[in-house]
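Each chain, letter by letter, is given below.
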Amino acid sequence: MMKKILITGAAGFLGSHLCDRFINEGYYVIGMDNFITGDKKNLFHLEENLCFEFIEHDVTEFINIEGDLDYILHFASPASPIDYLKIPIQTLKVGSLGTHNLLGLAKAKKARILIASTSEVYGDPLVHPQTENYYGNVNTIGPRGVYDEAKRFQESITMAYHRFHGLETRIARIFNTYGPRMRLNDGRVIPAFIGQALRGEDLTIFGDGSQTRSFCYVDDQVEGIYKLLLSSYGLPVNIGNPHEITIKEFAEEVIKLTGTTQNIVYKELPQDDPLQRQPDISLAKKQLNWEPKINREEGMARTYEYFKTLSKEELFKSEH
Ligand code: NAD
Ligand code: UDP
């Protein structure tokens, strides 16, 4: 019998790659999404696939799935700062009510559930690199609080279902991940810089560019999530690439990669934008025997190839 997995956020960047991976591993995949930040295009290639079905649904509403279910991956949530600033209430609801619904479904089906948490639970971290036992530094009432606190609540309710109901739960603390199928206009730094280079615009650095991030290629992220789901480890695990870079150095890498002759312009740093971010992945190495394999040069080359395939219309389409 094929194992059956429900993947929420299936039309999004990570969700669609997870659908592909689980289908390739021989699973029957049910994708669920309400398209609030996702794109139907990310699933076109699965339309005829007999191991895939899609349900258009908002996970903050009661979820009804016929038959058995072995696993759930809860990836539905706006994930980029401009998205969750634009739809703050939906962001809080999908992390809280949505997660509650999915935990209830997992309990009813006796399914194992993995939830997509985030490095944002560490806020603007005072510990560097971030280990899983760091409690974080989040401004609950700041603009990013809607995302960070939704994800912190999500972790708490997941652990409560584990402790109180004995549910099998997994928590992935995902650090900045990139690759094909990111939305060009989602405001995250990689599509932003590549889009600007392709349109012949200046690259916008927020602040002085000394803030750091550590970028993980999507295939590595998917492998980490796959291993975590199938592992026996129930506490949060950081999944990310520890190679840290300043945003200024990163902009220079994008200029080199794309050959753009445009300049860098500086804009105001958004409120509560974390100044440093780098995962400590010792736990993932030990528990999952996992570490990223694709370096930034290779990952960015693949990502650039993807964005180059977009039509002029898509490239110049503005969402704001
Ligand atoms: P994305 O915006 O591409 O995908 C999210 C998907 O969830 C979209 O297709 C959206 O339509 C769907 N969605 C949102 N609210 C929904 C709802 N109420 N009901 C049904 N579907 C809903 O974002 P992504 O980068 O693929 O992120 C996926 C998950 O991974 C999110 O939970 C995010 O918090 C987490 N995450 C991502 C990163 C990253 O770097 N990409 C980092 C940390 C955490
Ligand atoms: N950033 C930037 N220019 C942009 C978009 C983002 O300098 O056009 C910065 C942003 O301020 C942050 C970093 O790049 O310091 C990563 O931003 P992103 O939105 O990708 O992710 P997050 O802040 O959630 O890590």
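One can find the structure itself at the top, above this paragraph.
Residues numbered from 1 in each chain as written. Chains lettered and ligands numbered in written order. Predicted model: local features only at pLDDT ≥ 70, side-chain atom pairs only at ≥ 80, totals over all residues. Heavy atoms only, no water.

A. Quick peek at the overall build of the chain. Counting its regular elements, the chain contains 10 helices and 13 strands. The globule rule puts the C-alpha radius of gyration for 320 residues at 20 Å, and the 19 Å found for the chain is close to it. Taken over the C-alpha atoms alone, the chain extends approximately 55 × 45 × 35 Å along its principal axes. Accessible area of the chain: about 14,600 Å², with a carbon and sulfur share of 51%. Computed over 35 positive and 43 negative side-chain charges, the inter-centroid distance for the chain is 3 Å. (Helix = DSSP H or I, 4+ residues; strand = E, 2+ residues; numbered from the N terminus. Rg over C-alpha atoms; globule rule 2.2 N^0.38 Å. Areas by Shrake-Rupley, 256 points an atom, 1.4 Å probe, with all protein chains shown as cover. Lys, Arg positive; Asp, Glu negative; His and termini not counted. Charge placed at Lys NZ, Arg CZ, Asp CG, Glu CD.)

B. Quick peek at the packing of aromatic side chains. A full pass over the atoms with the stated rule returns 12 aromatic pairs. Between the aromatic rings of Tyr122 and Phe175, the centroid separation amounts to 6.1 Å while the plane-to-plane angle is 40°, which identifies the pairing as tilted. Here the residue Tyr122 occupies a position in the loop between strand E5 (112-118) and helix H4 (145-165), and Phe175 occupies one in the loop between strand E6 (169-174) and strand E7 (177-178), the gap between them amounting to 53 residues. Among the residues examined, Phe175 registers a relative accessible area of 1% and is labelled buried. A connected cluster of aromatic rings, assembled from ring pairs, spans Tyr178, Phe193, Phe215, Tyr217 and Phe250. Note that Arg21 overlies the ring of Tyr226, its terminal NZ or CZ placed 4.3 Å from the centroid. Seen from the ring of Phe35, Lys40 lies directly overhead, with NZ or CZ sitting 4.5 Å from the centre. (Phe/Tyr/Trp six-rings, centres within 6.5 Å; stacked < 30°, edge-to-face > 60°. Buried < 20%, exposed > 50% of the residue type's maximum accessible area, 1.4 Å probe, protein only. Lys NZ or Arg CZ within 6 Å of the ring centre and 35° of its normal.)

C. Broad picture of the site of ligand 1. Near ligand 1 there are 29 residues, and of these Leu14, Asp33, Thr37, Tyr147 and Thr177 occur at the shortest range. Leu14 places a polar main-chain atom, nitrogen or oxygen, 2.8 Å from an oxygen atom of ligand 1. At 2.5 Å, a side-chain N or O of Asp33 approaches an oxygen atom of ligand 1. Within the complex, 96% of the 830 Å² of free accessible area of ligand 1 lies under protein. Looking at the shell around ligand 1, the elements that each hand over two or more residues are helix H1 (13-24), E5 and H4. (Near = heavy atom within 4 Å. Polar contact = N/O pair within 3.5 Å; in protein donor to acceptor, adjacent residues only side chain to side chain.)

D. Molecular detail of the side chain of Arg112. Considering the arrangement of structural elements, one finds Arg112 in strand E5. Among the residues examined, Arg112 registers a relative accessible area of 16% and is labelled buried. Looking at Arg112, its side chain comes within polar contact range of the side chain of Glu168, at 3.0 Å. Polar side-chain contacts of Arg112 include one of 3.4 Å to the backbone oxygen of Ser231. Once you skip the residues sitting within four places of it in the chain, Arg112 turns out to touch Asp70, Tyr71, Ile72, Glu168, Arg170, Leu229, Leu230 and Ser231. (Contact = heavy atoms within 4.5 Å.)

E. The site of ligand 2, seen in detail. By nearness alone, 18 residues border ligand 2, and Val189, Thr204, Arg213, Asp273 and Arg277 come closest of all. Arg144 is positioned with one of its side-chain polar atoms (N or O) 3.0 Å from an oxygen atom of ligand 2. Thr204 places a main-chain nitrogen or oxygen 2.6 Å from a nitrogen atom of ligand 2. Looking at the shell around ligand 2, the elements with two or more residues in it are helix H5 (189-199) and strand E8 (203-206).

Interpretation note: all reported values are geometric properties and have no functional meaning in isolation.
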